[in-house]
Each structure stands twice: as C-alpha cells, then as structure tokens.
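Summary of structural features
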Amino acid sequence: MATIKERFKAKADDLSAEIKEILKEHGTRTIGEVQLSQVYQGMRGITGLVTETSLLDAQEGIRFRGYSIPELQEKLPKAPGGTEPLPEGLFYLMLLGELPTAGDAEEVTNIWQRRSHVPNHVFDAIEALPKSTHPMTQFVIAIMALQTESIFAKKYAQGMNKKDYWDAVYDDSMTLIARLPRVAAYIYRRKYKDEKHIQPDGLLDWSGNFAHMLGFEDESFKELMRLYMTIHADHEGGNVSAHTTHLVGSALSDPYLSFAAGMNGLAGPLHGLANQEVIKWIFDMRDELGVELPSKEQIEEYVKKTLGEGKVVPGYGHAVLRKTDPRFSAQMEFGKTHMPDDPLVNIVWRVYDVVPEVLKSLGKVKNPWPNVDAHSGALLVHYGLVEYEFYTVLFGVSRALGVLASLCWDRALGLPIERPKSITTASVKDWLEGKGEIWGD
Ligand code: HAX
C-alpha cells in the first residue's frame, strides 16, 4: 500500500494536470473587479489566492475540503472512547482531500510520534530568553531554532531540482508538526510550572500527548485539545497567519522560516492573540465590577466603556464571516456538555447575548458576531489552564496543520513567488486626473 507521501504526490500530479488544462482553456477569464477602496482597505474581498485545504463562506463559516465542523465531528476518526475528532484525521483530509479511515489517522499519529524528538539546542535557545518573554516570542524563536533541521534548506543548498521541492517540504512539514507540541509544552512548563517538565508519552495521540506534556491528564481536557486542535487548524488562505506562511514560502523559504513568519502574524491582537485578549478583558471586567457573574446590564455598560476608550471588543467581528463563527458554536456545545454551570463559561454566553446588539448600534461593524477566540479561553480556564498569555501558542500549534498542508500543495503545484502590484497615492491622483494608467507592471 502506498505511503501517505506517495498518495499525496499522486493527487498533486493529477491536480497539477487539471489546473494546467483549466488555465489553458479559461486562464484569461476575469473573476472580479477591484475597487480603489479595496486597495486602501486591507484588500478585503479581493480574490487573489488559491488554498486547497479549506474554504470560508461568509454565512456558513469554514468548510475543510467541503466538510463543516459538525460533519467533521461525526466523520473523522476518534481516540478510543472519545467523541471529538483526531486532528491527525483532519490533517490527512486537508492534505489528501479525502476522509481518512481510522488506520490512516493512526498512520499520521505514528509518523508524528516517530519524528517528535526535539534537539537539545532548541531547548537551549528557549532557555536563553528571560522567563518573562511572551510565550509567542519563545514559540517563534524555538521554531527558528528547529530550522537547523530543515531538509528543504539542506537540499536546496546542494542544488535540488525544482521537481523535488514538494518532497522536502512534505518531510519538513511532518517533522515540524511532530515537534511543536513538545516545544510548546516546554515553554508552558518553563514559564508557569517551575520548569518541571513532563516527558512525552509515546502511546498517546498527538493532542492527548500534548495535553499530557502540558500537565493535564483529565480525559475531557484531552478531548478539548482534540477539538481545539481541529477547529483552529485552518481558515482558508487569506487570514494573516495562513497568507504569511504562504507568502514567505513562495520565496522558497523553507517550512520552518515560513511557519515562523506566519506565527508572528498570529501573535497580533487582531488575529490569534485575540484569544488571550478576550479572557483578559473578562477578568478585568470581573475585577472592576467586583462580581463573579456580571448581569447583562453590567456587561453592556462595560462593552460601551471599552468602545468609548477607543478599543475593540476582543473576540467579536471578522473580515469575512457575517454570522456566529461555527468554531464558537462548537466550543459552546462542548461547554454545554462538559461544564454547563461554569461561571466563566456563563459569562462568555452572557457576553454573546449582549455584544452583537451594541456593535450593531455603532453602524460600522460589518460583523457583530463572535469569532473563534470569544470562547476558547473560558474552556481552558475551567480545566486550570489559566495562564492566558499561553493561549495563542495553542492556536499556533493547531494552525501548523492547515498552513503546512497548504505549503505542501504550494510546492507540489509549483506555485510561483507571490508579488502583487502596489501603487502610490500620487499615482492614484494622476490616474483620477486622467494622466495615464496605473495598473499593470
Ligand atoms: N469591536 C469594536 N470595533 C470593531 C470590532 C469590534 N470587535 N470589529 C470591527 N470593529 C470596527 C473596526 O475597528 C472598524 O472601525 P474603524 O472604521 O473606526 O476603523 C469598523 O468596525 C469596521 O471594521 P470591519 O470592516 O467590521 O472589520 P475588519 O474586517 O476591518 O476587521 C477584525 C476585522 C477581526 C480585525 C475586527 O472585527 C476586530 O478588530 N475584532 C476584534 C479583535 C478580534 O477578535 N480578532 C480576532 C478575529 C478572528 C481571528 O483572526 N482569530 O484569530
């Protein structure tokens, strides 16, 4: 039976041939117009990228290779006795475009187990930083330290044929994903648990082992990690972490360099860092009000105060989505099943009752509904993972699955260096006055 790598190569060859045909026949068709406002406002709504692993619909939310989150919860293989999907299965689905069997998911688990050994110099690099360093900074530096292991970089230096890029990117991606939980857990235990590190358990699945190394043995926490690692993995190609990884990879920077770049983007408060900001915002609200479960009226006042201070309400809004994020809903379901009476989780639900109407009343927020980050922290706090500065690292470990599966596709399809055209306002003014075209080379 063919290995996962061989199966991926066969799929990639088929799709490459298909794309060649599509472009031969339809390459000159236009798929949209670009307005000047879009050029100035974050390229919102401009279709300009291909990402095979997932697709985001403004109303429906994310679909991974056509499957919604509830469908994945039903169809992907589970850990023994578990009900949440194994992210190994999601990775297989994103990479190969077909649902894995339990055996396929197990094969991914085994590959990642075999490759999970982290070289000592990576821990030394982390140790060189002050403990006060933000966990995301430690995480990015550790990924950069892992780069010494890049097969792509070594082979490129030796003079690799471009036909073989995909092969080295695949190997680097699998090794990097395999090592991330150990690195992340090391950062967590170093910073928050008196450097009492926990050795990996070679018999556990990727997320179960991650939970174990973080120091959480509760089976329902392991289930949360499986769900968490699945739902944060991918959100099509235009978000900052995915787009950055893809962009940097397009210069043939190896997967370590590309992923580290993506993680620097995830560390921004309008993107992945929003998950720490949400819980910090709730803690601050509770402290200021001096109550454990604020009323809806109190929450509304606090939201208005936040807006009045010129800040965003973290966890709300989205550049593409226009309804409640199904990743929020999946976590809400988890909360209802596992901790319906948890006070912090109940605050999250109360905030959900209040915030959308307040944001709507501003008249400028395009999406007043919660995103993935509005819920995740409260579930983690329930199990005792209260150190919220670490939350974006969890997001980052998961995000590796989507952006690295995509990077394999980028190189297998031979996508070129990315280089959109930029313009100056002076050239826009000339164009508006009819003094020549600014578009084009
Ligand atoms: N609170 C207050 N104001 C908000 C807001 C929020 N949650 N969401 C949007 N707005 C404001 C914008 O700041 C903007 O104001 P100005 O015109 O004064 O600059 C206006 O509403 C229009 O913005 P938009 O078009 O609705 O939103 P954008 O596409 O520009 O931005 C963001 C999308 C996600 C960045 C935005 O909604 C936001 O800042 N949300 C809070 C931070 C957050 O939760 N980020 C995580 C997003 C999901 C994610 O990537 N997770 O990792």
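Notes on the structure follow. Note that the coordinates shown come from a computational prediction; the quantities given were computed from them, not determined experimentally.

1. Comments concerning the overall build of the protein chain
The secondary structure content of the protein chain amounts to 20 helices and 2 strands. Computed over C-alpha atoms, the radius of gyration of the protein chain comes to 22 Å, within 12% of the 22 Å expected from 2.2 N^0.38 for 441 residues, which places it in the range of a compact globule. Overall size of the protein chain, expressed as C-alpha extent along the three principal axes, is 65 × 65 × 45 Å. Classification of the 441 residues of the protein chain by burial places 51% in the buried group. The long-range share in the protein chain, meaning contacts at least 24 apart out of those at least 6 apart in sequence, stands at 75%. Entry remark: accessible area of the protein chain is about 20100 Å², with carbon and sulfur atoms responsible for 53%.

2. What to know about the side chain of Thr-392
Relative to the assigned elements, Thr-392 resides in helix H19 (residues 391-412). On the basis of relative accessibility, which here comes to 0%, the residue Thr-392 falls in the buried class. One polar contact links Thr-392 to Asn-275, side chain to side chain, over a distance of 2.9 Å. Excluding residues within four positions of it along the chain, Thr-392 makes contact with Met-136, Leu-266, Ala-267, Gly-272, Leu-273 and Asn-275.

3. Let's talk about empty space enclosed by the protein
Within this structure, the stated rule accounts for 5 cavities of 30 Å³ or more. Estimated volume of the largest cavity: approximately 100 Å³. What lines the largest cavity is a set of 14 residues, among which Gln-113, Ser-116, Ala-178, Trp-206 and Asn-209 lie closest to the centre. Contributing elements (two or more residues each) for the lining of the largest cavity: helix H5 (102-114), helix H9 (165-192) and helix H10 (206-214).

4. With respect to the packing of aromatic side chains
Throughout the structure, instances matching the rule amount to 18 aromatic pairs. Residues Tyr-156 and Tyr-165 carry aromatic rings whose centres are separated by 6.1 Å and whose planes lie at 40 degrees to one another, so their mutual orientation is tilted. Of the residues examined, Tyr-156 reaches a relative accessible area of 42% and is grouped as partly exposed. Through pairs of rings, three or more aromatic residues link up here, namely Tyr-188, Tyr-192, Phe-216, Phe-221, Tyr-383 and Phe-390.

5. Topic: helix H4 (residues 87-96)
In terms of burial, H4 is a largely internal element, 10 of the 10 residues being buried. Within H4, burial applies to Pro-87, Glu-88, Gly-89, Leu-90, Phe-91, Tyr-92, Leu-93, Met-94, Leu-95 and Leu-96. Once H4 ends, the next one or two residues include Gly-97, with phi positive near 75 degrees.

6. Observations regarding the layout of surface pockets
Its boundaries defined by the atoms lining it, the second largest pocket holds a volume of some 290 Å³. Forming the boundary of the second largest pocket are 17 residues, of which Pro-80, Glu-106, Thr-109, Leu-203 and Asp-205 lie nearest the centre. Of all the secondary-structure elements, those providing two or more residues to the lining of the second largest pocket are H5 and helix H11 (219-231). Take the lining of the second largest pocket: its biggest share by element is 6 residues, from H5.

7. Focus on the environment of Ala-12
Note that Ala-12 resides in helix H1 (residues 4-26). C-alpha of Ala-12 to C-alpha of Tyr-228: the two residues are 216 residues apart in sequence and 28 Å apart in space. When sequence neighbours within four positions are dropped, the list of residues in contact with Ala-12 reads Trp-409, Ala-412 and Leu-413.

8. A short note on the site of the ligand
The immediate surroundings of the ligand are formed by 21 residues, with His-271, Gly-315, Tyr-316, Lys-364 and Asp-373 found nearest. Arg-44 is positioned with one of its side-chain polar atoms (N or O) 3.1 Å from an oxygen atom of the ligand. Here an oxygen atom of the ligand and a side-chain polar atom of Lys-364 are 2.7 Å apart. Look at the ligand: alone it shows 920 Å² of surface, and the protein chains cover 75% of it. Residues belonging to the shell around the ligand are distributed by class as follows: 11 nonpolar, 6 polar and 4 charged.

9. Quick word on the nonpolar core
Counting 118 residues, the largest nonpolar core has Trp-112, Phe-139, Phe-259, Leu-385 and Leu-394 as the members making the most contacts within it. With 16 residues, the single largest contributor to this core is H9. With sequence-adjacent residues up to four places away left out, Phe-139 is seen in contact with Leu-180, Val-183, Ala-184, Ile-187, Phe-259, Met-263, Val-393, Gly-396 and Val-397.

10. Points about the pairing of strand E2 (residues 61-64)
Both strand E1 (residues 54-57) and E2 contribute to a ladder of 4 bridges, which runs antiparallel. Its bridge partner lying in E2, Leu-56 is registered against Ile-62.

Rules used throughout
Residues numbered from 1 in each chain as written. Predicted model: local features only at pLDDT ≥ 70, side-chain atom pairs only at ≥ 80, totals over all residues. Heavy atoms only, no water. Helix = DSSP H or I, 4+ residues; strand = E, 2+ residues; numbered from the N terminus. Rg over C-alpha atoms; globule rule 2.2 N^0.38 Å. Buried < 20%, exposed > 50% of the residue type's maximum accessible area, 1.4 Å probe, protein only. Contact = heavy atoms within 4.5 Å. Areas by Shrake-Rupley, 256 points an atom, 1.4 Å probe, with all protein chains shown as cover. Polar contact = N/O pair within 3.5 Å; in protein donor to acceptor, adjacent residues only side chain to side chain. 1 Å grid on protein atoms, 1.4 Å probe; cavity = no way out; pocket = protein on both sides within 12 Å on 5 of 7 lines; lining within 4 Å. Points joined across faces, edges and corners; volume = space filled by probe spheres on them. Phe/Tyr/Trp six-rings, centres within 6.5 Å; stacked < 30°, edge-to-face > 60°. Near = heavy atom within 4 Å. Nonpolar A, V, L, I, M, F, W, Y, C, P; charged D, E, K, R; others polar. Core = buried A, V, L, I, M, F, W, Y, C linked by side-chain atoms within 4.5 Å. Pairing = 2+ DSSP bridges.

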